[in-house]
Amino acid sequence: MDPEYAPVNGRKRPQRPQRTHREVADELRARIRSGELRPGQRMPTQAKLADEFGVERGAVRQALRILQSEQLLTNVAKGAPATVAGHPGSALTGPEAPPRPTTAALTPRIAAAFEAEHVQIDAVCLTAISLTLAIGEPLRQIHAGRMKPAKVDVRVLLPGRNIDLAFPVAVEDSAGGRRGGRHGGRADDPVHERWLAMRNAQGQVLRHSLLALRATHGIDVRVSFRALPFTPPVKLYLLNGVEALFAYYTLSRSEAQIDQENVQTYDAQGTRSALFAFEQGAGMRDSAFVTQSRLWFDALWETISSELQLTS
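Every value quoted in this text rests on a predicted model; they were computed, and no experiment measured them.

Draft legend 1. Structural context of the sheet that holds strand 7 (residues 220-228). Taken in spatial order, the eight strands make up an open sheet running 3-12-9-8-4-5-7-13, and their pairing is mixed. Here the strands that pair on one side only, and so sit at the sheet edges, are strand 3 (100-101) and strand 13 (306-307). Sheet analysis places strand 4 (residues 118-124) next to strand 8 (residues 234-239), joined by four bridges and oriented antiparallel. Among the inter-strand pairings, Val-124 is bridged to a residue of strand 8, identified as Leu-236.

Draft legend 2. Expanded view of the sheet that holds strand 10 (residues 251-258). Strand order in this open sheet of three strands is 6-11-10, and the pairing throughout is antiparallel. Strands with a single pairing partner mark the edges of an open sheet, and in this sheet they are strand 6 (169-170) and strand 10. Of the pairings in the sheet, the one linking strand 6 to strand 11 (residues 261-268) comprises two bridges and is antiparallel in character. Across the sheet, the residue bridging to Ala-170 is Thr-265, located in strand 11. Across the sheet, helix 7 (residues 190-217) is in contact with strand 6, strand 10 and strand 11; its angle to strand 10 comes to roughly 90°.

Draft legend 3. Main features of helix 4 (residues 102-113). The end-to-end C-alpha separation of helix 4 is 16 Å, in line with the 16 Å expected for twelve residues at 1.5 Å each. Counting buried residues along helix 4, nine of its twelve residues qualify, which places the element largely inside the surrounding structure. Residues of helix 4 that are buried: Thr-102, Ala-105, Leu-106, Pro-108, Arg-109, Ile-110, Ala-111, Ala-112 and Ala-113.

Draft legend 4. Seen up close, helix 8 (residues 284-302). In this model, helix 8 (19 residues) spans 27 Å end to end at C-alpha, consistent with the 27 Å of a helix rising 1.5 Å per residue. Residues of helix 8 that are buried in the fold lie against strand 4, strand 5 (151-159), strand 7, strand 8, strand 9 (243-248) and strand 12 (274-279).

Draft legend 5. Region of interest: the pattern of salt bridges. Summed over the entire model, instances satisfying the criterion amount to twelve salt bridges. The residue Asp-122 makes a salt bridge to Arg-155 at a minimum N-O spacing of 2.9 Å. Of this pair, Asp-122 sits in strand 4 while Arg-155 sits in strand 5, and the two are 33 residues apart along the sequence. Accessibility expressed as a relative area gives 14% for Asp-122, which makes it buried. The partner of Arg-140 in a salt bridge is Glu-137, with the nearest N and O atoms 3.0 Å apart. You can see Arg-140 and its partner Glu-137 sitting in helix 5 (residues 129-143), three residues apart, about one turn around the helix. Using a relative accessible area of 52% as the deciding quantity, one classes Arg-140 as exposed. Bridged by salt links that share partners, the residues Arg-22, Arg-109, Glu-243 and Glu-279 form one connected network.

Draft legend 6. Quick look at the layout of surface pockets. Volume-wise, the second largest pocket comes out at about 400 Å³. Lining the second largest pocket are 23 residues; nearest its centre among them are Ile-129, Met-198, Asp-267, Ala-268 and Gly-270. Of all the elements in the fold, those that place two or more residues in the lining of the second largest pocket are helix 5, helix 7, strand 8, strand 10 and strand 11. Top contributing element to the lining of the second largest pocket by residue count: helix 7, with four residues.

Draft legend 7. The pairing of strand 10, seen in detail. Here strand 10 pairs with strand 11 via eight bridges, running antiparallel. When the bridges of strand 11 are listed, Gln-257 appears paired with Asn-262. Adjacent in sequence and paired antiparallel, strand 10 and strand 11 are bridged by two residues, among which Asp-259 carries a positive phi angle near 55°.

Draft legend 8. How the structure looks around the pairing of strand 7. Pairing analysis gives nine bridges linking strand 5 to strand 7, with the strands arranged parallel. By the bridge assignment for strand 7, Lys-151 is matched with Asp-220. Sheet topology note: the strand 7/strand 13 ladder contains two bridges and is antiparallel. Residue Ala-227 lies in a different strand from strand 13, and its bridge partner there is Ser-306.

Parameters at a glance
Residues numbered from 1 in each chain as written. Predicted model: local features only at pLDDT ≥ 70, side-chain atom pairs only at ≥ 80, totals over all residues. Heavy atoms only, no water. Pairing = 2+ DSSP bridges. Helix = DSSP H or I, 4+ residues; strand = E, 2+ residues; numbered from the N terminus. Contact = heavy atoms within 4.5 Å. Axes fitted to C-alpha atoms, helices over the stretch in contact; angles between N-to-C directions. Expected span 1.5 Å × (residues − 1). Buried < 20%, exposed > 50% of the residue type's maximum accessible area, 1.4 Å probe, protein only. Salt bridge = Lys/Arg side-chain N within 4 Å of Asp/Glu carboxyl O. 1 Å grid on protein atoms, 1.4 Å probe; cavity = no way out; pocket = protein on both sides within 12 Å on 5 of 7 lines; lining within 4 Å. Points joined across faces, edges and corners; volume = space filled by probe spheres on them.

Next comes the structure, spelled out in structure tokens:
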């Protein structure tokens, strides 16, 4: 027994503070970088890692999924040993890692968030496509019996249907003064109607997929949407109150086929936006960003947003 924590005069000293899953990830990352854990080597079982670090297995799984998102580990699954990636030293990882496209970065982060007993996800975005795709992975894990949170709360802020969107917008409409209200979000704007149909479809899929967990697995699920009176220039995902993932919507000119016509538009490819990750406890700036992002989201949710109906 560690003398520092041995009984004294028949009394036990306070227990060693339990490590967080991020601290476990930091230690395992250091072992991989140092070569102690070699490419292709199988990791210890999750049970052994939990015993070594004095944490619950859920914390170990969250740590492993973080390392998987950094492309340091492969084959991360509940109960099974993961494998060190083939070339783990070829890229920066952890706090020094560069941002990655939303499609590649968001899925493992969402999956790690679903390891918690109470999953809380807040999102500000244009259509919820990336979020719907990313949630598919933890849903598969739940249906396979590899994870089962007790409660899931999801809140999503999307642009309202009747506003004049800044984007997507037809190039000719932008040049012709669309912001003066020529269309006003009405049905005579085919670009707006195309976006609206996509927003509604993705939101409905997201809500249906999550609410189905009530009947299939007895999970307490709440999914809420509210409408913003403006076009968000950025996308933001807040995971369990301790992680913020942030990306800019960068506009480009592109061509879309709408009603069998080719239309020049200004739009953003949100799934390709570079996603920056900030974690509570990873430093003063990271912690401050997460805190301020939560305050910003809550303020929008509670003040200028309104009820949103996912209908045409």
